Amino acid sequence: MSPPEKKQRTEEYILYYWPGIPGRGEYVRLAFEYAGISYRENSKEVPGILAKTEKVGIPPHFAPPALRLPSGRVVSQTPAILNHIAPRCGLAGPLGSKLNTLTAEGKATLRELSDEELEKAEEERSVVNQLTLTVLDWCNESHDVHHPCAASLYYEDQKEAAAQAAEVFRKSRLPRWLEYFQSVLASNPATAGTNGGRTYLYGKQTTTADLALFHVVDGTFFAFPKRLGQLKASGEYDNVFALYERVKGEKGIKEYIESGRRQKFSMGLFRHYEELDGEEKDE
C-alpha cells in the first residue's frame, strides 16, 4: 500500500457530500453559514476518494459527510465534524468556543484560559455535543420511518412496515422528542426571566445543537406537515418552535435561506409520503 501523501495546508474547508440533497451535510453547512466561514463542496469525488488513504490520510472514511480541514487532515462523521468546528464557529458555548486555537486569518494561537476555565470550557463543549447527538438521533429515527427494514431497499419494498413505523412515530415518538427538547429549553438557567424567551438549548448564544434542532424541525415539517402542525397548534412545545423561528432569522442563516443556495428537502433523510402523515387523537 502506498504511504499517505503529505497533508497539504490550505486556506479553506472542503465538504465532501452527495449532490442534490441537504442530507447530513446540511448540519455542517449551517455551522459555516452561521459563522460566515468560507467553504466549498466536492461532490464529484464522493465516495471514492474517502477510501483512498493516499488522498485522505489514515484512517480511511466509511461514508460522507467528510470535511477536509485547513491543515489538510480529513474528518468524517457528522457529530465529529460539528464537535471539531464548533469552537471555530463560535458554536460551542461561551467558554467552549474559546477552545478555538485559530485566528480569523487561520493562524494557530494560544488562548489564555485558567485551569478552571479550561475544565469548564471542555465541559461546555461536551454538553453542546451531547445535545447535538440527541438531535441527530431524532434525525435518524425520522429517516427510519420510511426505511424501517433496510436503507438499501426502496421505500416501495417496505411500505407496510413503514406504515407501522409511521403510526408509532406520529403517536408517541414525535411528541416525545418535542417534550424532551421543550424541557431542555425550559430548564436552561441562562435564559430564565429573559424577554427573548427560552429559545437557547445551552447558554444564551446559538450552538451547533440549536442549528441542528432547527434543521430537524424544518425537515419534520416537510415529512409530517399535518402531524407536526397539530403538535405545534397544541401550544405544549412553544419553546421548540420559538427556537426554530429564532434560528431561521439569525444573521448568516437568514441570508443563507434567502440566497436560494440551501437545498430543498426531497428524497434524502426527510421524505414526505402523504400516506405516512396524519393527525392523531392525543390522549
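Keep in mind that what you see is a predicted model, and the values were worked out from it rather than measured.

### Some remarks on the overall build of the chain
Per the secondary structure count, the chain includes nine helices and four strands. The order of α-helices and β-strands along the chain, N terminus first, is β-α-β-α-β-β-α-α-α-α-α-α-α. By the compact-globule yardstick of 19 Å for 283 residues, the chain fits well, its C-alpha radius of gyration being 20 Å. Along the first, second and third principal axes, the C-alpha atoms of the chain reach 60 × 50 × 35 Å. Considering the chain as a whole, with its 283 residues, one finds that 48% of them fall into the buried category.

### Some details on unusual backbone geometry
Of note, the amide linkage connecting Val 46 to Pro 47 takes the cis form, showing an omega dihedral of -5 degrees. Mapped onto the elements of the fold, Pro 47 is located in the loop between strand 2 (39-42) and helix 2 (53-56). A positive phi is found at Gln 77, a non-glycine position, where the angle reads about 80 degrees. Within the secondary structure, Gln 77 is located in the loop between strand 4 (74-76) and helix 3 (78-85). The exposure class assigned to Gln 77 is exposed, which follows from its relative accessible area of 52%.

### With respect to the pairing of strand 1 (residues 13-16)
Of the two faces of strand 1, the one holding Tyr 13 and Leu 15 and the one holding Ile 14 and Tyr 16 are both buried throughout. By the bridge criterion, four bridges tie strand 1 to strand 2 in an arrangement that is parallel. Residue pairing for strand 2: Ile 14 is matched across the bridge by Arg 40. Note that the unit made of strand 1, helix 1 (residues 25-35) and strand 2 has a crossover that is right-handed. Note that strand 1 and strand 3 (residues 66-68) share three bridges and pair antiparallel. Of the residues in strand 3, the one forming a bridge with Leu 15 is Leu 67.

### Details of the sheet that holds strand 2
Two strands in a sheet stick together by hydrogen bonds in their backbones, pointing the same way (parallel) or opposite ways (antiparallel). On the basis of which strands lie adjacent, the open sheet formed by four strands has the order 2-1-3-4 and mixed pairing. Each having just a single partner strand, strand 2 and strand 4 make up the two edges of the open sheet. When the angles between neighbouring strand axes are averaged without regard to direction, this sheet yields 25 degrees. Seen against the sheet, helix 3 touches strand 1, strand 3 and strand 4 and runs at an angle of roughly 125 degrees to strand 4.

### Topic: the state of the cysteines
Per the counting criterion, the structure on display carries zero disulfides. We note that Cys 89 lacks a disulfide partner, and the nearest cysteine sulfur, in Cys 139, lies 19 Å from it. The closest cysteine sulfur to the non-disulfide-bonded Cys 149 is located on Cys 139, 19 Å from its own sulfur.

### Let's talk about the packing of helix 1 against helix 6 (residues 208-223)
Two elements in contact, helix 1 and helix 6, have axes separated by 10 Å at closest approach and are oriented at 125 degrees. The angle between helix 1 and helix 6 places the two elements in the oblique class. As for the relative orientation of helix 1 and helix 6, their crossing is right-handed in sense. The residues of helix 6 that touch helix 1, namely those facing Glu 26, Tyr 27, Leu 30, Ala 31 and Tyr 34, are Leu 211, Ala 212, Phe 214, His 215 and Val 216. Considering only residue class, the contact of helix 1 with helix 6 consists of eight nonpolar, one polar and one charged.

Calculation rules
- Residues numbered from 1 in each chain as written.
- Predicted model: local features only at pLDDT ≥ 70, side-chain atom pairs only at ≥ 80, totals over all residues.
- Heavy atoms only, no water.
- Helix = DSSP H or I, 4+ residues; strand = E, 2+ residues; numbered from the N terminus.
- Rg over C-alpha atoms; globule rule 2.2 N^0.38 Å.
- Buried < 20%, exposed > 50% of the residue type's maximum accessible area, 1.4 Å probe, protein only.
- Pairing = 2+ DSSP bridges.
- Right-handed = clockwise from strand over helix to strand, strands pointing away.
- Axes fitted to C-alpha atoms, helices over the stretch in contact; angles between N-to-C directions.
- Contact = heavy atoms within 4.5 Å.
- Disulfide = S-S within 2.5 Å.
- Parallel < 35°, antiparallel > 145°, perpendicular 65-115°, else oblique.
- Left-handed = near helix turned anticlockwise from the far one by under 90°.
- Nonpolar A, V, L, I, M, F, W, Y, C, P; charged D, E, K, R; others polar.

None of the figures reported here should be taken as evidence of function without further support.
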